[in-house]
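# Inside the fold
One-letter residues, chain by chain:
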Amino acid sequence: MWTIVSNPEYVANPARGSIHNRGGAVDITLVDKEGNEIDMGTKFDHFGTESSHKYQNISRDIIRNRKFLKKIMEKHNFESFDSEWWHYNLKGSKKDKLSNFNWRCN
């Protein structure tokens, strides 16, 4: 990712590792009862100002959706990453040991 988007506002420098490599980050959205993604104003992993929690040039519904997700995550000990509405860090996990291996997925 760093080779493609070497902007630390969106992607971690691999020399330092990321909170994802420490097992303390999650990228998440909301879905409806049928499993359809709720409108959050941008696609997941959209690297632009429109993805920020602070961005206000979006509809009230989208702002409400983002605030609802943030409220749920904060209630469960996560904190938001302001430039990405989908990214949340588990509080205290920034101190965890860095890991760098591939998960086997079946």
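Bear in mind the structure is a predicted one, so any value in this text is a computation, not a measurement.

### Considering the overall build of the protein
Looking only at helices and strands, the protein has 1 helix and 3 strands in total. Traced from its N-terminal end to its C-terminal end, the protein shows the element sequence β-α-β-β. Residues classed as buried in the protein amount to 30% of the 106 residues present. When contacts within the protein are restricted to residue pairs at least 6 apart in sequence, long-range pairs at least 24 apart make up 58% of them. When the accessible surface of the protein is split by element, carbon and sulfur atoms take 50% of a total near 7900 Å².

### Digging into helix α1 (residues 60-75)
Across its 16 residues, α1 extends 22 Å between first and last C-alpha, which sits within 8% of the 22 Å expected from 1.5 Å per residue. Within the sequence span of α1, burial applies to Ile62, Ile63, Asn65, Arg66, Leu69 and Met73. One side of α1 holds all its buried residues, which, seen down the axis, span an arc of 160 degrees. The exposed set on the far side of α1, more than 90 degrees from its buried face, consists of Arg60, Arg64, Lys67, Lys71 and Lys75.

### Here's the deal with the pattern of salt bridges
Oppositely charged side chains can pair when the atoms bearing their charge come close. Taken as a whole and assessed by the stated rule, the structure comprises 2 salt bridges. A salt bridge links Asp82 to Lys54, with the nearest nitrogen and oxygen atoms 3.8 Å apart. Of the two residues, Asp82 sits in the loop between β2 (78-81) and β3 (84-90) while Lys54 sits in the loop between β1 (25-27) and α1, which places them 28 residues apart along the sequence. In this structure, the salt-bridge partner of Asp61 is Arg64, at a minimum N-O distance of 2.1 Å. Taken together, the positions of Asp61 and Arg64, both in helix α1 and 3 residues apart, correspond to about one turn of that helix.

### Some thoughts on the sheet that holds β1
Taken in spatial order, the 3 strands of this open sheet run β1-β3-β2, and their pairing is antiparallel. A strand with exactly one partner marks an edge of an open sheet, and here the two such strands are β1 and β2. For this sheet, the mean angle separating the axes of adjacent strands, direction not counted, is 30 degrees. Alignment of β1 against β3, held across 3 bridges, turns out to be antiparallel.

### Considering the nonpolar core
If you look at the biggest cluster of nonpolar residues, it comprises 8 residues: Leu30, Met40, Leu69, Met73, Phe78, Trp85, Trp86 and Tyr88. Listed by contribution, the elements that provide at least two residues to this core are α1 and β3. Those residues in contact with Leu30 that lie beyond four places of it in its chain are Asn36, Glu37, Ile38, Met40, Asn65, Phe68, Leu69 and Ile72.

Reading the values: rules and limits
- Residues numbered from 1 in each chain as written.
- Predicted model: local features only at pLDDT ≥ 70, side-chain atom pairs only at ≥ 80, totals over all residues.
- Heavy atoms only, no water.
- Helix = DSSP H or I, 4+ residues; strand = E, 2+ residues; numbered from the N terminus.
- Buried < 20%, exposed > 50% of the residue type's maximum accessible area, 1.4 Å probe, protein only.
- Contact = heavy atoms within 4.5 Å.
- Areas by Shrake-Rupley, 256 points an atom, 1.4 Å probe, with all protein chains shown as cover.
- Expected span 1.5 Å × (residues − 1).
- Arc of directions from axis to C-beta.
- Salt bridge = Lys/Arg side-chain N within 4 Å of Asp/Glu carboxyl O.
- Pairing = 2+ DSSP bridges.
- Axes fitted to C-alpha atoms, helices over the stretch in contact; angles between N-to-C directions.
- Core = buried A, V, L, I, M, F, W, Y, C linked by side-chain atoms within 4.5 Å.

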